[in-house]
Amino acid sequence: MTYTVALGDPSYSSWSLRGWLLFARFNIPFTARFAPLGSAAFSEMMQEFAPARKVPAVNFGDVIIGDSLAIAEELASRHPDAGLWPDNPQHRAIARSLAAEMHSGFLPLRRGYPMDLREAFAARPVDEDVAAELRRLEYIWDHARAACNSEGPWLCGAYCAADAFFAPVAARIAGFGLKVSDSAAAYVTAHLNDPAFQDWRRIALADGPARPEFSRDLPRRPWPVSAAEHP
Ligand SMILES: N[C@@H](CCC(=O)N[C@@H](CS)C(=O)NCC(=O)O)C(=O)O
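Residues numbered from 1 in each chain as written. Predicted model: local features only at pLDDT ≥ 70, side-chain atom pairs only at ≥ 80, totals over all residues. Heavy atoms only, no water.

1. Observations concerning the overall build of the protein chain
Point 1. Helix and strand content of the protein chain: nine helices and six strands.
Point 2. Scaling as 2.2 N^0.38, a compact globule of 231 residues should have a C-alpha radius of gyration of about 17 Å, and the protein chain matches this with 17 Å.
Point 3. For the protein chain, the spread of C-alpha atoms along the three principal axes comes to 45 × 45 × 30 Å.
Point 4. Burial statistics for the protein chain: of 231 residues in total, 50% are counted as buried.
Point 5. Sequence-distant contacts, at least 24 apart, represent 75% of the contacts inside the protein chain between residues at least 6 apart. (Helix = DSSP H or I, 4+ residues; strand = E, 2+ residues; numbered from the N terminus. Rg over C-alpha atoms; globule rule 2.2 N^0.38 Å. Buried < 20%, exposed > 50% of the residue type's maximum accessible area, 1.4 Å probe, protein only. Contact = heavy atoms within 4.5 Å.)

Here is the structure:
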């Protein structure tokens, strides 16, 4: 069965990136449907995905559901061997906690630094709330890696759904030149170099012109290949 996934602008829709990675990064076949956020085409597309009203939303054939976290859990139930969550029960619990914290939190970071995969911006000082969130990310990322004995770049061993949830955060840190610890920067760089993330960014860059309503009037710099590249 092929699933159909409703998605928004790949350059700007961070939840769409998460939803897309939950399929593409775990080799689960799917068909992507894109529509620009806020457009008539978006409203029409979402009518087909009712009762979901936001992206990502998935038509599983027998049921339609929205919300990235529910999609992750549904995919894990339907595809237990795809590796969405770690096999080790403790590592799995940590991964779920990380994804849930991302899903429900980090609002100042998300509001102040919206994902833009077309442009990278010169670093600016961050306010206290955002600085505290960056310290929180550093802490939970380091904790997960230590608790899961992660030897590679990802948080809980092999790439899992928790990493997919943090991919747009990595894009924000890299794109806005937000300063983070060396270990957090290495994690961000792993996302930038992840082939699935790069595939999505190619889709984003090919998705017509930039949308002025999402563009920010800030000094630009080239898109980074590493989080250590601060202007
Ligand atoms: N909690 C939801 C958030 C989804 C969300 O906010 N999606 C945005 C795009 S990034 C959306 O569909 N916005 C369209 C709208 O609000 O009409 C999830 O985890 O999937």
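After that view, the rundown keeps rolling.
2. A look at helix α7 (residues 161-175)
For an α-helix the count is 3.6 residues per turn, leaving residues at separations of three or four pointing the same way.
Point 1. With 15 residues, α7 extends 22 Å between its outermost C-alpha atoms, agreeing within 8% with the 21 Å of an ideal straight helix rising 1.5 Å per residue.
Point 2. For α7, the principal kink sits at Ala167 and spans about 35 degrees; a proline, Pro168, occurs within the next four residues.
Point 3. Counting buried positions along α7 gives 15 out of 15 residues, so the element sits mostly inside the fold. (Expected span 1.5 Å × (residues − 1). Bend = angle between axes of the 7 residues up to and from the residue.)

3. A short note on the state of the cysteines
Point 1. Evaluation of the coordinates by the stated rule reveals zero disulfides.
Point 2. Cys156 provides the cysteine sulfur closest to Cys160, a residue in no disulfide bond, and the two sulfurs are 4.7 Å apart.
Point 3. Residue classification places Cys160 among the buried positions, given a relative accessible area of 1%. (Disulfide = S-S within 2.5 Å.)

4. Some details on the domain arrangement of the protein chain
Point 1. By the assigned domains, the protein chain splits into domain 1 (3-78) and domain 2 (89-221).
Point 2. Between domain 1 and domain 2, the residue contacts involve 24 residues of the former and 31 residues of the latter.
Point 3. A buried area of about 2500 Å², summed over both sides, lies between domain 1 and domain 2, and 67% of it is on carbon and sulfur atoms.
Point 4. The interface formed by domain 1 and domain 2 contains three salt bridges.
Point 5. Between Arg211 and Asp9 there is a salt bridge; the shortest N-O distance is 3.1 Å.
Point 6. Counting only elements with at least two residues in the side of domain 1 that touches domain 2, the list comes to α1 (14-24) and α3 (68-78).
Point 7. If one sorts the elements of the side of domain 1 that touches domain 2 by residue count, α1 sits on top with eight residues. (Domains from an automatic or database assignment. Buried area = accessible area lost by both parts, 1.4 Å probe. Salt bridge = Lys/Arg side-chain N within 4 Å of Asp/Glu carboxyl O.)

5. Overview of the nonpolar core
Point 1. Among the nonpolar cores identified, the biggest contains 70 residues, and Leu22, Leu137, Trp141 and Phe166 are the most heavily contacted of them.
Point 2. Broken down by element, this core gets its largest block of residues, eleven residues, from α7.
Point 3. Looking at which domains feed residues into this core, each of domain 1 (3-78) and domain 2 (89-221) supplies at least three.
Point 4. Membership of the second largest hydrophobic core comes to nine residues, among which are Ala6, Ala35, Phe42 and Val55. (Core = buried A, V, L, I, M, F, W, Y, C linked by side-chain atoms within 4.5 Å.)

6. Description of the side chain of Arg201
Point 1. Position of Arg201 relative to the elements: it lies in helix α9 (residues 195-205).
Point 2. Buried within the structure, Arg201 lacks any salt-bridge partner; its nearest side chain of opposite charge belongs to Asp116, at an N-O separation of 7.6 Å.
Point 3. Contacts of Arg201, omitting those with residues within four sequence positions, involve Leu117, Arg118 and Trp223. (Lys, Arg positive; Asp, Glu negative; His and termini not counted.)

7. A word on the layout of surface pockets
Point 1. Approximately 330 Å³ is the volume found for the largest pocket.
Point 2. Taken together, the residues that form the lining of the largest pocket break down as four nonpolar, five polar and three charged.
Point 3. There is about 220 Å³ of room inside the second largest pocket.
Point 4. Together, Tyr12, Ser14, Trp15, Leu37, Leu107, Arg110, Arg111, Pro114, Met115, Arg172, Phe214 and Arg216 line the second largest pocket.
Point 5. Those elements giving two or more residues to the lining of the second largest pocket turn out to be α1 and α5 (107-112).
Point 6. By residue number, the principal contributor to the lining of the second largest pocket is α5, which donates three residues. (1 Å grid on protein atoms, 1.4 Å probe; cavity = no way out; pocket = protein on both sides within 12 Å on 5 of 7 lines; lining within 4 Å. Points joined across faces, edges and corners; volume = space filled by probe spheres on them. Nonpolar A, V, L, I, M, F, W, Y, C, P; charged D, E, K, R; others polar.)

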